[in-house]
Amino acid sequence: LLCHSCVLACVAAIAITHAEGQREEFATGSDGFYATVAFLLVVEVSTFGWMASRFFLAKRKGDWEIVDDFPGIRRRYLRTWFAYDLVTALPLELAFFGWNWDWVRWVALRHFIRVPRIISLGNSFNPLLTSRLWFRFLSVCLLMLLGVGILAAIFWAVEPRYTFEESLYWAIATVTSVGYGDVVPDDRNSRIFVCFAMFAGIVAISVITAFATSFLTESDKLAAEAESRKQTMYAMLEHYNIPWEVQKEVIAAMPTMLDSFNRTSFAEMTAHLPTFVGQKVTDYVQAKALIEQPLFKRIADSEPGHVLVLARYVEQTVHPAADVLAEEGSPADALFVLAHGQVRLLMISFDDPDDEDGDGDCEAQLVDMGTLRPGETFGELDVENPEATRMMTAVAETVCTVLKLSRAAINELQESHRETYTALVAALENHATTDEPTFTNFQKM
């Protein structure tokens with residue numbers, strides 16, 4: 001739409017400055033004339049397809065209202081920009097084609113109303129985003145091309161000795177403040193217009209430079225804040241001569257710390273929302289941590305509402321390196337999902353391969369069962385047997401963030417949200433058969 005609008009406006013600029021037969025390049029019956037009219041018709045007809053999409057895109061109404069239901073979107077579009085778009089989309093040139101060429105040119109002037117339409121599209125439908133900066137940057141660039149086209153058309157009119165290509169060359173050289181001097185005005189009226197064009201060029205370059213700076217320096221706010229905190233942490237660690245071994249623990253804990261910063265900042269903002277709205281936001285914040293794990297993502301893919309329910313029952317904890325998360329022989333009363341870090345699984349074995357005398361006197365040995373990485377599960381959970389005990393010991397190798405689902409939470413989930421409980425069981429069973437290694441023993445009630 002932007003490209004079409006600017007090119008059409010340039011065509012309209014040529015039309016307003018040249019009457020029939022005044023220029024050979026744009027004279028009626030010339031190849032350039034018919035090509036221009038054909039281009040107009042093609043773009044105008046294609047605009048109907050773009051107009052159809054306007055009936056399905058969310059819109060902004062006022063400063064804080066959003067229209068995102070289809071009936072509301074259609075009513076909103078019909079009351080606002082539909083008439084503008086329709087006027088520019090209808091091939092009105094055909095009504096005068098072949099019998100009144102002057103009116104073909106004058107009708108083309110209606111495309112100038114596309115300029116405010118372009119500006120309107122720079123506003124985001126989301127009230128939290130004042131504008132789509134990338135869109136406005138593109139709009140400014142293309143509107144600058146429109147201005148160059150208009151200046152070239154007018155210069156072409158006041159300086160008959162130059163062709164349109166030479167006039168366009170002059171406009172670009174003038175707007176960009178280059179001015180080679182090979183294309184120059186030769187009378188007073190032309191010089192007055194050129195002075196105006198020079199000032200317009202200065203303004204245009206200033207505006208596009210400002211937008212380019214904003215566009216190139218724009219970044220995701222959370223990503224920028226995270227980068228700033230990482231740099232500050234690095235500087236502090238170096239300033240206080242923190243040993244590398246401790247720095248590695250800090251690095252392992254940084255994802256958890258950054259997430260905690262985001263949660264705390266967001267909680268402070270949402271605390272001022274109405275309670276019923278704030279609770280919904282809190283549920284989605286907690287659910288995001290779950291969806292990042294393969295186990296819960298499977299549930300979200302089938303029914304996102306189940307993850308919102310699970311978020312109220314899953315507990316997130318952070319453990320230092322060498323911390324024992326689950327001990328062999330202790331009650332199997334919780335299931336764990338590793339979110340960040342590494343966990344080593346160990347098992348006590350009484351097999352003695354060196355029992356040469358055959359007396360059966362074996363010593364207990366600690367067997368390494370492997371290392372778990374983010375997304376994997378550990379900790380047996382047997383809801384049928386409250387007396388069940390763990391078969392392995394889980395030890396944090398690095399600073400770890402763990403999602404914990406206790407037996408009590410499972411029981412409450414089964415009673416209050418049977419469908420969510422069933423989805424969880426199915427996901428765990430699927431997780432146990434598709435993800436290797438897995439050390440989960442979850443039995444369905």
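To keep things clear, this report deals only with the structure shown in the data block. None of these values were measured; they are calculated from a predicted model.

What counts and what doesn't
Numbering of residues starts from 1 in each chain and follows the order in which that chain's sequence is written. Restriction of local features to residues with pLDDT of at least 70 applies here, the model being predicted, together with a cutoff of 80 or more for giving and counting side-chain atom pairs; totals for whole chains, interfaces and linings are based on all residues. Think of the side-chain values as coming from all heavy atoms in the structure, minus any hydrogens and water. Helix and strand definitions follow DSSP, with helices as H or I runs of at least four residues and strands as E runs of at least two, each counted in order from the N terminus. Note on classification: 1.4 Å probe, protein chains only; a residue is buried when its accessible area is under 20% of the maximum for its type, exposed when over 50%, partly exposed between these limits. Contacts are residue-level and defined by heavy atoms, with any inter-residue pair within 4.5 Å sufficient. Accessible areas in this description were obtained via Shrake-Rupley with a 1.4 Å probe; residue shielding takes into account the shown protein chains only. Pairing between two strands is assigned when DSSP locates at least 2 bridges connecting them. Orientation is described by lines fitted to C-alpha atoms, with helices fitted over the stretch in contact, and by angles between N-to-C directions that extend from 0 to 180 degrees. What the arc measures is the spread of directions leading from the helix axis to the C-beta atoms. Classification of ring pairs rests on two measures: the distance between centres of Phe, Tyr or Trp rings, Trp counted by its six-membered ring, which must be within 6.5 Å, and the angle between planes, read as stacked under 30 degrees, edge-to-face over 60 and tilted in between. Note on geometry: a ring has a charge over it if NZ (lysine) or CZ (arginine) is within 6 Å of the ring centre and within 35 degrees of the ring normal. Crossing handedness: left-handed means the near helix sits turned counterclockwise from the far one by under a right angle, and right-handed means the same turn made clockwise. Think of it as three bins: nonpolar holds Ala, Val, Leu, Ile, Met, Phe, Trp, Tyr, Cys and Pro, charged holds Asp, Glu, Lys and Arg, and polar takes everything else, Gly as well. Nine residue types can take part in a nonpolar core, namely buried Ala, Val, Leu, Ile, Met, Phe, Trp, Tyr and Cys, and a core is a set of them joined through side-chain atoms within 4.5 Å. Put simply, a salt bridge is a Lys or Arg side-chain nitrogen that is within 4 Å of an Asp or Glu carboxyl oxygen.

Focus: the overall build of the protein chain
Tallying secondary structure elements over the protein chain gives 16 helices and ten strands in all. Counting the 445 residues in the protein chain, one finds 38% classified as buried. At a minimum sequence separation of 6, the contacts of the protein chain that also span at least 24 residues come to 71%. When the accessible surface of the protein chain is totalled, it reaches about 25,000 Å², and 61% of it is carbon and sulfur.

Observations concerning the sheet that holds strand β3 (residues 315-319)
Reading across from one edge, β3-β10-β5-β8 is the order of the four strands in this open sheet, with antiparallel pairing throughout. Because the sheet does not close on itself, it has two edges, and the strands there are β3 and β8 (377-378). Where β3 lies against strand β10 (residues 400-406), five bridges are found, and the strand directions are antiparallel. Across the sheet, residue Val318 finds its bridge partner in β10, namely Thr401. Set on the sheet, helix α11 (residues 244-270) makes contact with β3, β5 (334-340) and β10; between it and β3 the angle comes to about 135°.

Describing helix α4 (residues 82-89)
If you check which residues of α4 are buried, you get Asp85, Thr88 and Ala89. When α4 is viewed along its axis, its buried side chains cluster within an angular range of 100° and face the same direction.

A short note on the packing of aromatic side chains
The full count for this structure, using the stated rule, is eight aromatic pairs. The interplanar angle of 85° and the centroid separation of 5.7 Å between the aromatic rings of Tyr77 and Phe82 together place this pair among those described as edge-to-face. We classify Tyr77 as buried; its relative accessible area is 0%. An angle of 55° between the planes, with centres 4.9 Å apart, marks the rings of Trp81 and Tyr84 as tilted. Overall, Trp81 belongs to the partly exposed group, its relative accessible area being 23%. Overall, the relative accessible area of 38% leaves Tyr84 in the partly exposed class. Its guanidinium or amino end placed over the ring of Phe261, Arg229 lies 4.1 Å from that ring's centre, counting from NZ or CZ.

Some words on the environment of Ile113
Turning to its location among the elements, Ile113 is positioned in the loop between α5 (101-107) and α6 (114-120). In this structure, the C-alpha to C-alpha distance between Ile113 and Val87, residues 26 residues apart in sequence, is 9.2 Å. If near-sequence neighbours (up to four positions away) are discounted, Ile113 is found in contact with Tyr84, Val87 and Thr88.

Section: the packing of helix α10 (residues 221-239) against α11
Interhelical geometry of α10 versus α11 gives an angle of 145° and a closest axis separation of 11 Å. Of the two elements, α10 crosses α11, and the hand of that crossing is right-handed. Taken together, the residues of α11 that come into contact with α10 (itself represented by Leu222, Ala226, Arg229, Lys230, Met233, Leu237 and Glu238) are Gln247, Val250, Met254, Met257, Leu258, Phe261 and Asn262. Within the contact of α10 with α11, the residues separate by chemical class into nine nonpolar, two polar and three charged.

Remarks on the nonpolar core
Among the nonpolar cores identified, the biggest contains 27 residues, and Phe296, Ile299 and Leu424 are the most heavily contacted of them. Going through the elements one at a time, α12 (275-291), α13 (294-302), α14 (304-310), β5, β10, α15 (407-416) and α16 (418-434) are the ones with two or more residues in this core. Per-element accounting of this core gives the leading share, six residues, to α16. When residues no more than four places from it in sequence are discounted, the contact partners of Leu424 are Phe296, Ile299, Leu310, Leu405, Ile410 and Leu413. Counting residues in hydrophobic clusters, the runner-up holds 17 residues, among them Val140, Ala152, Trp170 and Ala197.

Notes on the pattern of salt bridges
This model, assessed by the stated rule, comprises ten salt bridges. Where Lys297 meets Asp301, a salt bridge forms, and the shortest distance between an N and an O atom there is 3.5 Å. With Lys297 and Asp301 both in helix α13, this residue pair falls four residues apart, about one helical turn. With relative accessibility at 40%, the residue Lys297 sits in the partly exposed group. With relative accessibility at 57%, the residue Asp301 sits in the exposed group. One salt bridge in this structure joins Asp368 and Arg344, with 2.9 Å as the shortest N-O distance. Here Asp368 is found in strand β7 (residues 365-372), whereas its partner Arg344 is found in strand β6 (residues 343-349), with 24 residues between them in sequence.

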